[in-house]
Amino acid sequence: MAGIPDQFIDDLLARVDIVELISSRLAMKKAGANYHALCPFHSEKTPSFTVSPTKQFYHCFGCGAHGTAIRFLMEYDRMSFPEAVETLARQVGMELPREARTAPNPEATPLYDLLDRAAQAYRNWLRRHADKDRAVEYLRRRGLSGDVAARYGIGFAPAGWDNLLRELGNERELVRAGLAIRKEETGSVYDRFRDRIMFPIRDRRGRTVGFGGRVLDHGEPKYLNSPETPVFHKGRELYGLHECLQAQRYPDHMLVVEGYMDVVALAQQGLPNAVATLGTATTTDQVERLFRTTRNVVFCFDGDEAGRQAAWRALENTLPAMRDDRQARFLFLPEGEDPDSLVRQLGADGFRAQVEDALSLSQFLLKELGRDADVQTVDGRARLLERAAATVRRVPPGVFRDLLVDEVARHARVDRTHMERAVAGDGATQPAAESRRPARSAQPQRRTSIRVAVALLLQHPELAARGGEPERFRDLQQPGAALLGQLLELLQEQPHLTAGAILERFRGHAHEEALAKLAAWDHLVPEDGVEAEFRGAMARLDALLDEQRLQYLNQQAESGRMTEDEQAEWLDLLRRRKGTTLDTD
């Protein structure tokens, strides 16, 4: 994404309600003018996380986490900056300016076009190819209607080595797109997908990025997927996610199944909120993507040993994505059944009932941990505790992790402190947002005129009109003077900016952390005394400027280089100095 204009960010933050955004993810309570919650970025029992509706920013007085609605989405939902901006813009009905839209990747753009043309070719062959009857009969046998097949873009790759090569040409790009394979020994090229039902894999924007091909006979592999390409990454994408979001913008829950045909079969039965992983274990990136869509994820696996092992891998990769308002559950199918067969047997309502009875993450966790650990014995309890600690350690600090520690301690019949020590034993990892910030006080170390002036400007931007010429602070040799000048200049031009919008302007700036502290600082100045306090701070800083200039002129006089104009200025400064108390910051 190209650079996003500051004006667009300002307008976006002015429309977004940060309280509404964060309260959809955290339980918050009103406390005076602000809202408080347990910080999602570090473990705490007393709320220190504050959200200000007037300043439109959040600040944690425990770990120092801070920012705007954009930063919150980046750190809580783990979005990139462009993703966070696009998400908020959609929510408030703003269209990204042309220069802010995703810039085409010169390497990727031709591949998207080629993959779309391939998807169209496969769809056409399902309708018109001479060998299509076997494919059509297979889909009918699975109970698939033409409408659902069209919704998911299902197609057919005929038998033969060069159907797609002859249809689309461009061997080099077909190989780059994963649609063809080049033999190393001869250099010849042939179609990757042959004699298979074709399932296009689309990204959230609906672009075809890869394919899954299901064999029509008993050949191997049963499912063949596109390889990694510049536009396709198996660990990030999910089959059916685009189609699900087209049918339900905010699904109550998402069901993760193992096969493409399971996704389509559930949609056929009126259950469009299913997705499939792409032939690999569920990854944390995929789980994060799901939790951006819904707060409830249900993993559906076979009930055999292989299914339970796959479920455990999914659990391990889900734990780093767990937050206090997210729920993960596990549904195990009866022996010999898959989602396709079970939904046809039970019907949509019966299948929904099975989903409702799915095991919670903690239930499945304890059940698996206890399989080879007898809690009736000391050895068994110690073994369970050791295994559980390594697992719980993967969960970000927060209420969910605290409750999980309680649950494991009860199950293992040990005191909570034993479990806490076990979890902390290897140095529990912290989420990225917290690891970047050591715990620190939100209060500035010392009350200085510059800190007071900056804090008051952040909290009352309208004061900038009374701040005088910003340029003068470029010469003041005091820590933070240049920042004060920048802030004055910005707010004199745009006095409508909130504290949150100001912080966003300084995102990544060397003084970002200091500004966040000052925006949250309780400066103890009553509302009716804010303007007088600001004027006083500015007067003290002007006195410092005078003193700094006076020292220079004294040096000029001592060296005999003082001009007549400088002498007049020197005498004027001496007169003004009388009665002035300097703030020796």
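Summary of the structure given here. Every value quoted in this text rests on a predicted model; they were computed, and no experiment measured them.

**Concerning the overall build of the chain**
Alright, step 1. For the chain, the helix and strand inventory stands at 25 helices and 16 strands.
Alright, step 2. Against the compact-globule benchmark of 25 Å for 585 residues, the chain has a radius of gyration of 31 Å, which places it well outside the compact range.
Alright, step 3. Its C-alpha atoms put the chain at 100 × 65 × 45 Å along the principal axes.
Alright, step 4. For the chain, the proportion of its 585 residues judged to be buried stands at 50%.
Alright, step 5. The long-range share in the chain, meaning contacts at least 24 apart out of those at least 6 apart in sequence, stands at 68%.
Alright, step 6. If you sum the accessible surface of the chain, you get close to 27,600 Å²; carbon and sulfur atoms cover 47% of it.
Alright, step 7. For the chain, the distance from the average site of its 80 positive side-chain charges to the average site of its 88 negative ones is 2 Å.

**So, the sheet that holds strand S16 (residues 359-360)**
Alright, step 1. Strand order across the open sheet formed by five strands is S13-S12-S14-S15-S16, with mixed pairing between neighbours. Across the chains shown, the open sheet's two edge strands, defined by having one partner strand only, are strand S13 (274-276) and S16.
Alright, step 2. Here strand S14 (residues 296-302) runs beside strand S15 (residues 327-333); their pairing, made up of seven bridges, is parallel. Bridged to Phe301 within S15 is Phe332.
Alright, step 3. Where helix H11 (residues 260-268) meets the sheet, it contacts strand S12 (254-257) and S13, and its direction lies at approximately 170° from that of S13.
Alright, step 4. Along the sheet face, helix H13 (residues 305-318) touches S14 and S15 and points at about 155° away from the line of S14.

**Brief notes about the packing of helix H20 (residues 449-459) against helix H23 (residues 512-520)**
Alright, step 1. Here H20 crosses H23 at 70°, and the two axes come no closer than 8 Å. The orientation of H20 with respect to H23, classified from their angle, is roughly perpendicular. Residue-level inspection shows Arg451, Val454, Ala455, Leu458 and Gln459 of H20 in contact with H23, the latter providing Leu515, Leu518 and Ala519.

**Quick notes on the environment of Ser226**
Alright, step 1. Locating Ser226 in the fold gives a position in the loop between strand S11 (223-225) and helix H10 (241-247).
Alright, step 2. In this structure Ser226 comes out as buried when scored by relative accessible area, which is 0%.
Alright, step 3. Distance from Ser226 to Gln494, taken between C-alpha atoms, is 51 Å for residues 268 residues apart in sequence.
Alright, step 4. In this view, Ser226 contacts Phe193, Gly210, Phe211, Phe232 and Lys234; residues no more than four positions away in its chain are not counted.
Alright, step 5. One polar contact links the side chain of Ser226 to the main-chain amide nitrogen of Phe211, over a distance of 2.8 Å.

**As for the pattern of salt bridges**
Alright, step 1. Here the structure, examined in full by the defined rule, presents 27 salt bridges.
Alright, step 2. In this structure, Arg134 and Asp131 form a salt bridge, with 3.8 Å as the shortest nitrogen-oxygen distance.
Alright, step 3. Note on Asp131: relative accessible area 27%, which makes it partly exposed.
Alright, step 4. In this structure, Arg416 and Asp406 form a salt bridge, with 2.4 Å as the shortest nitrogen-oxygen distance. Of the two residues, Arg416 sits in helix H18 (residues 416-424) while Asp406 sits in helix H17 (residues 399-412), which places them 10 residues apart along the sequence.

**Considering helix H6 (residues 133-141)**
Alright, step 1. Taken residue by residue, H6 has Ala135, Tyr138 and Leu139 as its buried positions. One side of H6 carries all its buried residues, which in axial view fall inside an arc of 95°. In H6, those exposed residues whose orientation departs by more than 90 degrees from the buried face are Asp133, Arg140 and Arg141.
Alright, step 2. Turning to H6, the residues buried within the fold contact helix H5 (109-128), strand S6 (155-157), strand S9 (196-202), strand S10 (208-215) and H11.
Alright, step 3. Directly after H6, the chain includes Gly143, whose backbone phi takes a positive value near 80°.

**Examining the packing of helix H15 (residues 361-369) against helix H16 (residues 378-392)**
Alright, step 1. Closest axis-to-axis distance for the H15/H16 pair is 10 Å, and the angle between their directions is 140°. One element, H15, and the other, H16, form an angle in the oblique class. When you trace H15 past H16, the crossing you get is right-handed. Judged by residue contacts, Leu365, Glu368 and Leu369 of H15 engage Leu384, Arg387, Ala388 and Thr391 from H16.
Alright, step 2. Broken down by class, the residue content of the contact of H15 with H16 amounts to four nonpolar, one polar and two charged.

Parameters at a glance
Residues numbered from 1 in each chain as written. Predicted model: local features only at pLDDT ≥ 70, side-chain atom pairs only at ≥ 80, totals over all residues. Heavy atoms only, no water. Helix = DSSP H or I, 4+ residues; strand = E, 2+ residues; numbered from the N terminus. Rg over C-alpha atoms; globule rule 2.2 N^0.38 Å. Buried < 20%, exposed > 50% of the residue type's maximum accessible area, 1.4 Å probe, protein only. Contact = heavy atoms within 4.5 Å. Areas by Shrake-Rupley, 256 points an atom, 1.4 Å probe, with all protein chains shown as cover. Lys, Arg positive; Asp, Glu negative; His and termini not counted. Charge placed at Lys NZ, Arg CZ, Asp CG, Glu CD. Pairing = 2+ DSSP bridges. Axes fitted to C-alpha atoms, helices over the stretch in contact; angles between N-to-C directions. Parallel < 35°, antiparallel > 145°, perpendicular 65-115°, else oblique. Polar contact = N/O pair within 3.5 Å; in protein donor to acceptor, adjacent residues only side chain to side chain. Salt bridge = Lys/Arg side-chain N within 4 Å of Asp/Glu carboxyl O. Arc of directions from axis to C-beta. Left-handed = near helix turned anticlockwise from the far one by under 90°. Nonpolar A, V, L, I, M, F, W, Y, C, P; charged D, E, K, R; others polar.

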